[in-house]
Amino acid sequence: AMWWCKRMKGVMNLSQVLRRGVASRARSTAVRKGDARGILSDAARPPPPGSHVKRKAVMVAATGQHHGKTTVTLGMVQALLARNWNIAYQKPVGQQTVPVIDEQTGEELEIDRDVDIFKDMWPQLVGSYSDSSPVAFPPGFTRMVLDDKVQTTDLVEKCKASFERLLAASDYVVVEGTGHVGVGSIIDLNNAQVAAILGLDVVLVVPGGIGVSFDVLATNYALLKLHGVALKGVILNKVEPSKMEQNRIYYKKALDRWGVPLMGIIPSDIELPLLSMKSFAQILNGEFLCGQDKKLRFFHHTRLIVSPNDLMGDTTCDRSIQAHSLVILHTSRIDDLRAIVQQHVVHMAATGEDLAGGIVLFGPDVPGSADIAALDAAGIPTLYIQKQDQDGKGFDLIRKVMNHTHKHHKDDVGRIIRTCDHINAHIDLDAVIA
């Protein structure tokens, strides 16, 4: 508890939370036994199911993780700021936190990582860090709630008070959910409950497709209806370009049965989800040997070098490295490493263009300083992974690389801007905020 208090100072006042009386504990216990609306005052109770709330705010949620709610929200905020509106962004309940320095008190806070991205990208956004990220889950937080060391009622009041301050100070508040609609149910603070508490309609972002996509949408919609929250609209994301019209026709037919509009269809973009060297460094726990200034470089191809003939020794086929390739190889394959460097140097000399590659090395020993200097001179960002962290052949690395989903980085401004432009070309923003 003391560790949590220190890390969350300014986000949740733990000393106040722990002083809550027996009545508050009993009330929270009643909520967990099934009275999900018992945490709301009469004035804050949700509207009847299906009724739309007219507020200058909306919640953007999703049917699952990595379905694109942050991506859609980024586009919305950029477009609304372009209208010269005073915009606030809030992530009421966050799971992945980062430390920041509070701009008013100078103290360190733990806030949701998405809030940090939005605030860094657009410093003019209305509101403080603590109001934009009122409740953030540090490790062990769920157990603290279930052990009655933290009361759901206090979290609710924190969310409500922060939101009302943002609402009063801005022209519009864009609220982002977390995970799928049911995330947070363990502490009686899922996305549907938060929307009800704040009196908001919800726009759901769902993945492209028809059958499975709509089935998952239906389960999330059911939870919204349970808490009296209106589904304002649906946005399809990551739709195969060749199936855009098919998705538009049939998804609209399915939504018409609910009286819910389709507010956007966003096609897949080949480059936007590609991982950068910075992403690889984080997911693989790697350290840069060189080229950290190229940490935002991303790759179209991934190649694992496992045998002596992968790059050399066989002249019957072209085994050269493709442009924009990430190459993974063991540190014992020093000849292959030097061959990669040579290919970059020769290509640059012949064409004047950079192969724009990257390397992930794994093994017991770091390459010598001369090889690192050659990598740096060739402009190849290179990561080193300790051998004991992997399987010895690189297959674990490939698995991690292929299974990971791109997350936005606040310093990748160019890709964020491109993401925003891509989103705003394919959603009906006026319908979303109406």
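Within each chain, residue numbers correspond to sequence positions counted from 1 in written order. The model is predicted, so local features are restricted to residues of pLDDT at least 70 and side-chain atom pairs to those at 80 or more, both for listing and for counting; the totals for chains, interfaces and linings are taken over all residues. Think of the side-chain values as coming from all heavy atoms in the structure, minus any hydrogens and water.

**Focus on the sheet that holds strand β10 (residues 262-267)**
Adjacent strands of a sheet form backbone hydrogen bonds with each other and so pair up, either parallel or antiparallel. As a reminder of what qualifies: At least two DSSP bridges between two strands are required for those strands to pair. For the purposes of this entry, the term helix denotes a DSSP run of H or I that reaches at least four residues, the term strand denotes a run of E that reaches at least two, and both are numbered from the N terminus. Axis lines are fitted to C-alpha atoms, over the contacting stretch for helices. Their N-to-C directions set the angle, which ranges from 0 to 180 degrees. Two residues form a contact once any of their heavy atoms are found within 4.5 Å.
The strand order β2-β7-β1-β8-β9-β10 describes an open sheet built from six strands, whose pairing is parallel. The strands lining the two open edges of the sheet, one partner per strand, are β2 (87-90) and β10. Mean inter-strand twist for the sheet, computed between neighbouring axes without regard to direction, equals 20°. Across the face of the sheet, helix α4 (residues 69-82) comes into contact with β1 (57-62), β2, β7 (172-176), β8 (202-207), β9 (231-239) and β10 while running at roughly 170° to β7. Against the sheet, helix α11 (residues 244-256) contacts β8, β9 and β10, and its axis sits at roughly 155° relative to β10.

**So, the packing of aromatic side chains**
To keep it simple, the criterion reads: Paired rings are identified among Phe, Tyr and Trp, the last through its six-membered ring, by centres lying within 6.5 Å, and are further divided according to the angle between planes into stacked (under 30 degrees), edge-to-face (over 60) and tilted (the rest). Throughout this description, buried means an accessible area under 20% of the type-specific maximum (1.4 Å probe, protein chains only), exposed means over 50%, and partly exposed covers the range between. We call a charge positioned over a ring when the NZ of a Lys or the CZ of an Arg lies within 6 Å of the ring centre and within 35 degrees of the ring normal.
Applying the stated rule across the entire model yields eight aromatic pairs. Ring plane angle 35° and centroid distance 6.2 Å describe the contact between F280 and F299, whose orientation is recorded as tilted. Taken together, the residues F280 in helix α12 (residues 277-284) and F299 in the loop between β11 (287-290) and β12 (301-304) connect sequence positions 19 residues apart. Its relative accessible area of 3% is what places F280 among the buried residues. Cluster of aromatic residues (ring-pair linked, three or more members): F214, Y221, Y251 and W258. In this arrangement the basic side chain of R83 is found over the ring face of W85, its NZ or CZ atom lying 5.7 Å from the centre.

**Considering the confidence of the model for the chain**
This is how it is decided: Across the chain, each position has a pLDDT score giving the predictor's confidence in that residue, from 0 to 100.
Residues at a pLDDT of 70 or more form 79% of the chain, whose mean pLDDT is 82. Here residues 1-50 is a poorly scored stretch, pLDDT under 50, and it has 94 contacts once near neighbours within four places are set aside; other chains count.

**Considerations on α4**
Applied cut-off: To estimate how far a helix should extend, the number of its residues minus one is multiplied by 1.5 Å.
With 14 residues, α4 ought to run about 20 Å at 1.5 Å a step, and its terminal C-alpha atoms sit 20 Å apart, in line with that. Burial of α4 is extensive: 12 of the 14 residues sit out of reach of the surface. Residues of α4 that are buried: K69, T70, T71, V72, T73, L74, G75, M76, V77, A79, L80 and L81. The positive-phi residue at the C-terminal boundary of α4 is N84, with phi of around 65°.

**With respect to the sheet that holds β12**
In space, the five strands of this open sheet follow the order β11-β15-β14-β13-β12, with mixed pairing throughout. Where the open sheet ends on each side, the last strands, each with one partner, are β11 and β12. Between one strand and the next, the sheet's axes are offset by a mean angle of 25°, whatever the strand orientation. Of the pairings in the sheet, the one linking β11 to strand β15 (residues 382-386) comprises three bridges and is antiparallel in character.

**Details of the packing of helix α13 (residues 334-351) against helix α14 (residues 369-377)**
The criterion, for reference: Here the word oblique covers every angle except those under 35 degrees (roughly parallel), over 145 (roughly antiparallel) and from 65 to 115 (roughly perpendicular). For any helix crossing, the convention is left-handed if the near helix is rotated counterclockwise from the far helix by under a right angle, and right-handed if that rotation is clockwise. Under the convention adopted here, Pro, Cys and the residues Ala, Val, Leu, Ile, Met, Phe, Trp and Tyr are nonpolar, Asp, Glu, Lys and Arg are charged, and Gly plus all remaining residues are polar.
Direction vectors running N to C along α13 and α14 enclose 25°, while the axes themselves pass 10 Å from each other. What the angle tells us is that α13 and α14 run roughly parallel. Remark: the crossing between α13 and α14 carries left-handed chirality. Contact residues: I334, L337, R338 and V341 in α13; D371, A374 and L375 in α14. Across the contact of α13 with α14, the residue classes break down as five nonpolar, no polar and two charged.

**A short note on a nonpolar patch on the surface**
For the record, the criterion: Here, patches come from residues exposed beyond 30% relative accessible area and free of salt bridges, joined within 9 Å for like charges and within 5 Å for nonpolar side chains (Val, Leu, Ile, Met, Phe, Trp, Tyr). In this description, accessible areas are obtained by the Shrake-Rupley approach with a 1.4 Å probe, and a residue is regarded as covered only by the protein chains that are shown. Salt bridge criterion: a side-chain nitrogen from Lys or Arg within 4 Å of a carboxyl oxygen from Asp or Glu.
Taken together, the side chains of I210, I249 and Y250 make up a nonpolar region of the molecular surface, amounting to roughly 260 Å² of accessible area. Locating Y250 in the fold gives a position in helix α11. Look at Y250 and you get partly exposed, because its relative accessible area is 44%.

**So, the pattern of salt bridges**
Summed over all chains, the structure comprises 14 salt bridges. Of the charged contacts, one joins R338 and D371 as a salt bridge, the two residues approaching to 2.9 Å between their closest N and O atoms. Of the two residues, R338 is situated in helix α13 and D371 in helix α14; the sequence distance between them amounts to 33 residues. Overall, the relative accessible area of 14% leaves D371 in the buried class.

**Considerations on unusual backbone geometry**
Even without being glycine, D148 reaches a positive phi, approximately 65°. Structurally, D148 is set in the loop between α7 (141-146) and α8 (152-169). D148 gets classed as buried once you look at its relative accessible area, which sits at 15%. The backbone phi angle of K238 is positive, close to 60°, even though this residue is not glycine. Residue placement: K238 occurs in strand β9. Overall, the relative accessible area of 42% leaves K238 in the partly exposed class.

**Re α11**
Applicable threshold: The arc under discussion is defined with respect to the helix axis, by the directions toward the C-beta atoms.
Along its 13 residues, α11 runs 18 Å from first to last C-alpha, staying within 8% of the 18 Å computed at 1.5 Å per residue. When we look at burial in α11, the residues that qualify are M244, N247, Y251, A254 and L255. Taken around the axis of α11, the buried residues stretch over an arc of 100°, which confines them to a single face. Buried residues along α11 sit in contact with β8, α10 (211-226), β9 and β10.

**Thoughts on the pairing of strand β14 (residues 358-363)**
What counts, and what does not: Note on handedness: a clockwise path from strand one over the helix to strand two, with the strands aimed away from the viewer, defines a right-handed crossover.
Burial analysis of β14 places six of its six residues in the buried class, which makes it a mostly covered element. The alternating pattern of β14 places G358, V360 and F362 on one face and I359, L361 and G363 on the opposite face, and all of these are buried. In this structure, strand β13 (residues 325-330) lies alongside β14, joined through five bridges in parallel fashion. Across the sheet, the residue bridging to V327 is I359, located in β14. The handedness of the β13 to β14 crossover, carried by α13, is right-handed. Pairing of β14 with β15, which is carried by five bridges, proceeds in the parallel orientation. Bridge pairing in β15 links V360 to L383. Each parallel crossover has a hand, and for β14 linked through α14 to β15 it is right-handed.

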